[in-house]
Amino acid sequence: MQKYSSICGMRTAALCAAFGMVLAAQAVQVAEVRTETLDDFGGDSSSVVSRCQTKAGAEYDPVILTRDVSSLKDSGDYEEVVADVERVDGGVAVVFKVRRKMRYQAPMVVKGAEALSESKISGESGLRDGYLYGEGDIVAAANRVREAYLKKYYLDATVTPSWRMIDGNDAEITFTIDEGRRQKIKNYVFDGCTWEDDEELHEAIEDYPWWNPTGWFIDSPTSPEQLAKCCRKIEETYRNHGYLDVKCAMPTRREREDGKIDMVFKVDEGAQYRVGAISVTGVTKYATEDVIAKSELPEAGAIAGQKDLEDAAHRIKVTVGSGDLGLADTVVETQTIPGENGFVDIVFKVTEGLPVVINEVIIRGNDYTQDKVIRREIALGPGDRMLEDRAERSQKRLENLDYFSRVRYYLENADKGVNANGEEYRNLVYELDEKNTGNFMIGLGASSTDSVYLSAEVSQANFDLFAPSKLWRGAGQKARAYAQVGPRIQTYELSLTEPYFLERQLELTTELYRRGRWYDDYDIYRTGGGVTISYPVKFWPTWPTFGRFGIRGSVEYINFDDVDHGLWTWKGKTRDWLRYEEHEYDKAVEATARIFWNRDTRNNFKYPTSGSRSNVFADFTGGDNNFVRFGFSHRSYFEPVKRYNHTLMAAIRAETILGDDIPIYDRMFLGGPRTIRGVEYRHVSPFAKGRNGSDDIPWGGQTLWLVNAEYTIPIVKMLRVAAFTDLGAVGEDEFDFDFSDNFAWSVGLGLRIDLPMFPIRLDFGFPIEKPDDAEREVFSFMVGYDF
């Protein structure tokens, strides 16, 4: 008997194919198919043969045999599958050798556990009654239990699995546990660190102080794998600060008097290097000085951080790959040559690529995101010369969509040769990993103006209105449903945005809403909807966009509720003005057309430190109420002391309303945490004077201006202190610049607690000047970004 080949998951397909071709060339028949078990479960294993397409009497086919082995492994019933082919009289015998999985029979037997209950251990193992498991699966389950012990600081715990066969392949599983002593980690210490502040090292290993909410959801590193990763992160942090020779050893445990331990990383910092001479070699197709000038290389004397050097090498690669020739596949190697006095000379060694023309742009990894959604973000197409800067810019645009956890691009052979200019044809491939783009949030919020409220939001950033089979995902639309309910505010919103309406750069947004606001003297409800269309402004086709220009149309139904009685004097007349407003302007329909331009260049939408945000608009309102409103706002961010992340914000806003008899719900007010801190909400305004015991009421005006300035300084991670000043006024009539009676100016200090998804602003404002009727509000707070 002669054995010809063996097939299993660990053996190469090439070897199987080679033996198979020998047998296939001889047209050998399968004389026998049988099964051998590699386990000692006993019982019948004939079902293996019935699952396979390889049958006795059929012609031997190695492709079918390979497929049978894969099918058996994919069934999940077997831990190991081997197929041997043996020459016998009348052909070949195919022998399937299988190691069957055991069927777990609960309950689990747990020995030696005290810190964790048996039910906890069973749950952490992930083993489920009646399911099939192999030896490797049970060992993995034991490791999961050990990880649970590590989280409880049983650092020397061992979990040993064993099993006993009961009937057939049914098994009783036992975990024998030696818990060891609990060793609570008090501190992570960096022995050998000479830095005044080692906060960055703690962040690198994800060790956060108790008050930082980021650490509330992260387990401290305890396992050998986690600690080894910590060593790599520590070394990476040091190298980014110029300590290129740093070494970090695996930590040791140091006993403390309080019974806890410190985990001590031994750090050998080495020297901190600074950049000496810089040179670029290997560039022949361009002037070397031009490449250096365009690549923004580190200056001599700067810290020779590893990331800075890697980024510089990447910029050289992009520069060489983006010039007139566009040399694709350029490679840049960074060499460091130690010099004297802690300086290191940097040599960027360039290996130039070759000019490439794109044959085809290929998208991979988009299971539900439509191709067109991706391709419209890619600035290269078939026939274009491959330019690294455009390819990289396209990658960043795809990353900014926030649809993908990873985006990368590369070139692959197109098997098309070269063109007449000697440029090689290649395919440009963008490979993507899609991520969850849906979001559901529910939370509790509060502010000085809105009191406490409950909010809930469901959104999908990659929505497709016409794809229920894909769970309404993939067209790049944005859908949002939002609700906010509290004692002073009630909001319900539903919106849908199509960023490429009619396959152009037209952004179309439709929305429906109902918004209620409950003031001290009356309540206002607005129910309506709107449609907005906008497009990017370009003064020249090749220039970058300069904001967006748009038009919005909306229709609102506005009604009063819970209106107070009383007498007030307004513009020389005394009457029940609130009842008069209700009689004249209740149940009103307003149709508004807005023309606007806005521009946003902030470097971060949540916590900006540079850039600006501008808006100019004009509203034309008709229906039951007729008026025109126009205005502008601008907000800029600066970094006066960039090294320490100081931020200065300066903002200005001005608006006016043209028209007569403007309803109180359309008039303008200032005051409160979003406009002028230190003054009560809406109290920077003309007032209607109360008579016969009625309180004065802020009545609003038709002209407004506002200036804000705020300087923030980080204290520790996620905590900033702020100094601010706010000033502004509201005029009674259109273009009313007599602000002498309704001007407010305040200064103050505040705290910014930058919790993820829950930023808190606490302010103490002190008015230097305020209207006579305005109430002080020294303390104010709100949850949200900016103000």
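This structure is a prediction, so every number in the text was calculated from the model and none was measured. (Residues numbered from 1 in each chain as written. Predicted model: local features only at pLDDT ≥ 70, side-chain atom pairs only at ≥ 80, totals over all residues. Heavy atoms only, no water.)

Enquirer: Looking at this model, I keep getting lost on the overall build of the protein chain. Mind explaining?
Expert: On a plain count of helices and strands, the protein chain comes out with 12 helices and 42 strands. Here the C-alpha radius of gyration of the protein chain, 36 Å, is well above what a compact globule of 787 residues would show, namely 28 Å. Over its C-alpha atoms, taken along the principal directions, the protein chain stretches across nearly 120 × 70 × 65 Å. Per-residue burial over the protein chain gives 44% buried out of 787 residues. The contacts in the protein chain between residues at least 6 apart in sequence include a share of 60% that link residues at least 24 apart. Carbon and sulfur atoms make up 52% of the accessible area of the protein chain, which amounts to about 40300 Å² in all. Each charge sign in the protein chain was given a centre, from 96 positive and 126 negative side chains, and these centres are 2 Å apart. (Helix = DSSP H or I, 4+ residues; strand = E, 2+ residues; numbered from the N terminus. Rg over C-alpha atoms; globule rule 2.2 N^0.38 Å. Buried < 20%, exposed > 50% of the residue type's maximum accessible area, 1.4 Å probe, protein only. Contact = heavy atoms within 4.5 Å. Areas by Shrake-Rupley, 256 points an atom, 1.4 Å probe, with all protein chains shown as cover. Lys, Arg positive; Asp, Glu negative; His and termini not counted. Charge placed at Lys NZ, Arg CZ, Asp CG, Glu CD.)

Enquirer: I would appreciate a short explanation of a negative patch on the surface in the present structure.
Expert: On the surface, E584, D660, D661 and E734 cluster together into a negatively charged patch. Locating E584 in the fold gives a position in helix α12 (residues 577-585). (Patch = residues over 30% accessible without salt bridge, like charges linked within 9 Å, V, L, I, M, F, W, Y side chains within 5 Å. Salt bridge = Lys/Arg side-chain N within 4 Å of Asp/Glu carboxyl O.)

Enquirer: It is not clear to me how the packing of aromatic side chains should be interpreted in this structure. Could you clarify?
Expert: Centre distance and the angle of the planes are the two values used to describe a pair of aromatic rings. Inspection of the entire model under this criterion finds 23 aromatic pairs. Judged by centre distance (5.6 Å) and plane angle (25°), the ring pair of F546 and W597 falls under stacked. Highlighted residues: F546 in the loop between β26 (523-536) and β27 (548-561) and W597 in strand β30 (residues 588-600), separated in sequence by 51 residues. Its relative accessible area of 34% is what places F546 among the partly exposed residues. With centroids separated by 5.9 Å and ring planes inclined at 25°, the aromatic side chains of F779 and F781 adopt a geometry described as stacked. (Phe/Tyr/Trp six-rings, centres within 6.5 Å; stacked < 30°, edge-to-face > 60°.)

Enquirer: Sorry, what's going on with the pairing of β30 here?
Expert: Across a regular strand the side chains alternate sides, sitting on one face of the sheet and then on the other. Pairing of β27 with β30 involves 11 bridges; the strand directions are antiparallel. Among the inter-strand pairings, V555 is bridged to a residue of β30, identified as A591. Of the pairings in the sheet, the one linking β30 to strand β31 (residues 611-623) comprises 11 bridges and is antiparallel in character. For D600, the partnering residue across the bridge sits in β31 and is R613. (Pairing = 2+ DSSP bridges.)

Enquirer: Can you help me understand the state of the cysteines in this one?
Expert: Two cysteines whose sulfur atoms are joined by a covalent bond form what is called a disulfide. Evaluation of the coordinates by the stated rule reveals zero disulfides. Residue C231 stays outside any disulfide, its sulfur separated by 3.8 Å from that of C248, the closest cysteine. You can call C231 buried: its relative accessible area is 6%. The exposure class of C248 is buried, given its relative accessible area of 10%. (Disulfide = S-S within 2.5 Å.)

Enquirer: Explain helix α7 (residues 224-240) here, please?
Expert: In an α-helix, one turn spans 3.6 residues, which is why side chains three or four residues apart end up on the same side. The end-to-end C-alpha separation of α7 is 24 Å, in line with the 24 Å expected for 17 residues at 1.5 Å each. Turning to α7, its buried residues number three or more, namely L227, C230, C231, I234, E235, T237, Y238 and R239. Tucked into the core, α7 has its buried residues touching β10 (185-191), α6 (199-204), β11 (247-248), β13 (261-268) and α9 (306-320). Following α7 by one or two positions, G242 has its phi on the positive side, about 95°. (Expected span 1.5 Å × (residues − 1).)

Enquirer: I keep staring at the nonpolar core and nothing clicks. Help me out?
Expert: Most often, soluble globular proteins keep nonpolar side chains buried together rather than apart. Core analysis: the biggest nonpolar cluster contains 22 residues, and M108, I121, L127, Y149 and F175 have the highest contact counts within it. Those elements that provide at least two residues to this core are β5 (102-104), α5 (135-151) and β9 (170-178). The biggest single contributor to this core is α5, with six residues. (Core = buried A, V, L, I, M, F, W, Y, C linked by side-chain atoms within 4.5 Å.)

Enquirer: Got a minute to help me understand the sheet that holds strand β35 (residues 687-691) in this structure?
Expert: Within a sheet, neighbouring strands are paired by backbone hydrogen bonds and run either parallel or antiparallel to one another. In spatial order, the strands read β29-β28-β35-β36; together these four strands make up an open sheet with antiparallel pairing. Both edges of this open sheet fall to β29 (573-575) and β36 (697-698), since each of them pairs with a single strand only. Across three bridges, the pairing between strand β28 (residues 567-570) and β35 is antiparallel. Considered in β35, the bridge of T569 is made with K689.

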